[in-house]
Amino acid sequence: MIQVKNLRFTYPGAAAPAVRDISFSMEKGEIFGFLGPSGSGKSTTQKILFKLLNPYQGSALIDGREVREWDKNLYLKIGVGFELPNHYLKLTALENLEFFRAFYPVSTNPMELLAMVGLEKDARKKVADFSKGMKMRLNFVRALLHDPDILFFDEPTSGLDPVNARVLKDMILELKARGKTIFITTHQMHDAEELCDRVAFIVEGQIMAMDTPQSLKVKHSQRSVELRLKGDRQLHRFSLDQLGQNHAFLELINAAEVETIHSREAGLDEIFIELTGKNLV
C-alpha cells in the first residue's frame, strides 16, 4: 500500500535535510510504527505521504502511484489524525463531523463514530467546552468519516489519560482487523509494542533499525530468567539455554513456592537508546 525509496526532504532555509534517504514499505492491513524523539523526521515523513510537503526527492508511492502525481482523490483513500486537534470550536462535535463529512462522496454515520469513542452524549456540546481528551477522540474519528483504506495517526495517544488511550488503541486494533493499513508515529514505546506489526527507529532523519517489536526484543535481550521464591529476598538468575535441564534451577523451584519469574526481555525504549544513543524526548 505504501512504498518509500530513498526519500529525502529539506525544509526551506534549513542547513540539513529533515529526512535523509529513508526506505520502507507497508503491506495492506499492517500497522507500521515510526518511533523517535521530537524533530527526528517522523511527522515530516507522514506529511510528505499525505501531500502537505513538496517537493521531495526520491520515491513515495501510495497504492502504486507516486504521491506527487495524485490529485485530490488521494484524500478519498487516506485518513489523517493530526497530533494536535484542529476543530471549529464554536461548532458542536456533531456539526464538526457533519461539516467535514460533506467533503466526501462516501461517508459513515457521525453519531456512530462518536459512540465508538464515548462522545455520543456530548454530540451537541460545543467543542470549545471539550477537554483535551475529548478533542483528541473527536480528532481521531474525524479521520474515519469516509472509511479510508489507509490511516495516518501522529502521536495518537499523546497527552491522554490511560482510559482514553485504551479506547483509541482498541479502535486502532479494530481498524486493523477490518483490513485497514495504519501508519503511526509515536515516542510511546509501550504503544508501539502493543499495536505495531513492525517498527522503524528514526533519528535525525535516518532509519537506524526496522523489524517486528518481538524480533528486536529477542535480538537485543539477555537470554536469562529471573525468579524470586516466596519469603526469599534474593533474586536468582539462570540462562534460558537448556533451562529445563538445569539441575540448580529445577531444585530451586521444587524446593519452595515461586513468587515471581520472568525473562530478561529488553523494552523497545532500552533498545532504542542502545542502537541510537538517543533518548525518546
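In case you missed it, the structure is sitting above this.
The text that follows walks through the structure, step by step, so that each part is easy to find.

Reading the values: rules and limits
Residues numbered from 1 in each chain as written. Predicted model: local features only at pLDDT ≥ 70, side-chain atom pairs only at ≥ 80, totals over all residues. Heavy atoms only, no water. 1 Å grid on protein atoms, 1.4 Å probe; cavity = no way out; pocket = protein on both sides within 12 Å on 5 of 7 lines; lining within 4 Å. Points joined across faces, edges and corners; volume = space filled by probe spheres on them. Helix = DSSP H or I, 4+ residues; strand = E, 2+ residues; numbered from the N terminus. Nonpolar A, V, L, I, M, F, W, Y, C, P; charged D, E, K, R; others polar. Pairing = 2+ DSSP bridges. Axes fitted to C-alpha atoms, helices over the stretch in contact; angles between N-to-C directions. Parallel < 35°, antiparallel > 145°, perpendicular 65-115°, else oblique. Left-handed = near helix turned anticlockwise from the far one by under 90°. Contact = heavy atoms within 4.5 Å. Salt bridge = Lys/Arg side-chain N within 4 Å of Asp/Glu carboxyl O. Phe/Tyr/Trp six-rings, centres within 6.5 Å; stacked < 30°, edge-to-face > 60°. Buried < 20%, exposed > 50% of the residue type's maximum accessible area, 1.4 Å probe, protein only. Lys NZ or Arg CZ within 6 Å of the ring centre and 35° of its normal.

Glancing now at empty space enclosed by the protein. Under the defined criterion, the tally for this structure stands at two cavities of 30 Å³ or more. Roughly 60 Å³ of internal volume is contained in the largest cavity. Those elements that place two or more of their residues in the lining of the largest cavity are helix H5 (132-142) and strand E7 (150-154). Of all the elements, H5 adds the most residues to the lining of the largest cavity, at three residues. Partitioning the lining of the largest cavity into residue classes produces six nonpolar, two polar and one charged.

Another aspect to go through is the sheet that holds strand E12 (residues 236-239). The strand order across the open sheet built from three strands is E12-E11-E13, with neighbouring strands paired in antiparallel fashion. With partners counted over all chains shown, the strands left at the sheet margins are E12 and strand E13 (258-263), one partner each. Strand-to-strand twist across the sheet, computed as the mean angle between neighbouring axes with direction ignored, equals 20°. Of the strand pairs in this sheet, strand E11 (residues 224-229) and E12 are connected by four bridges, and their pairing is antiparallel. Residue pairing across strands places Val225 opposite Phe238, the latter belonging to E12.

On to the packing of helix H8 (residues 213-220) against helix H10 (residues 268-276), then. Running from N to C, H8 and H10 cross one another at 65°; their axes reach a closest spacing of 10 Å. When the axis of H8 is compared with that of H10, the two are roughly perpendicular. Considering only the axes of H8 and H10, their crossing is left-handed. Each of Pro213, Leu216, Lys217 and His220 in H8 lies in contact with H10, whose residues at this interface are Leu268, Ile271, Glu274 and Leu275. A breakdown of the residues in the contact of H8 with H10 according to their chemical character gives five nonpolar, one polar and two charged.

What follows deals with the sheet that holds strand E1 (residues 2-9). With antiparallel pairing, the four strands of this open sheet are ordered in space as E2-E1-E4-E5. In the strand order of this sheet, the two ends are held by strand E2 (19-26) and strand E5 (65-66), each with one partner. Of the pairings in the sheet, the one linking E1 to E2 comprises five bridges and is antiparallel in character. Residue pairing for E2: Ile2 is matched across the bridge by Met26. Against the sheet, helix H1 (residues 42-49) engages E1, E2 and strand E4 (57-62), with an angle of about 115° to E1.

Think of it this way: side chains of opposite charge can pair up when their charged atoms draw near. Under the definition given, this model contains 18 salt bridges. Here Arg8 and Asp21 are joined by a salt bridge, their closest N and O atoms 3.0 Å apart. Residue Arg8 is found in strand E1, and its partner Asp21 is found in strand E2; the two are separated by 13 residues along the sequence. One network of salt bridges, in which partners are shared, links Arg166, Lys169, Asp170, Asp191 and Glu194.

This part covers the packing of aromatic side chains. The geometry of an aromatic ring pair is captured by two quantities: the separation of the ring centres and the angle between the planes. Considering all chains together, one arrives at 18 aromatic pairs under this definition. On the basis of an interplanar angle of 90° and a centroid distance of 5.7 Å, the ring pair of Phe100 and Phe103 is categorised as edge-to-face. The exposure class of Phe100 is buried, given its relative accessible area of 16%. The exposure class of Phe103 is exposed, given its relative accessible area of 52%. Ring pairs connect the aromatic residues Phe24, Phe32, Phe34, Phe50, Phe82, Phe152 and Phe183, which therefore count as one cluster. Positioned above the aromatic ring of Trp70, the side-chain terminus of Arg65 is 4.4 Å from the ring centre.

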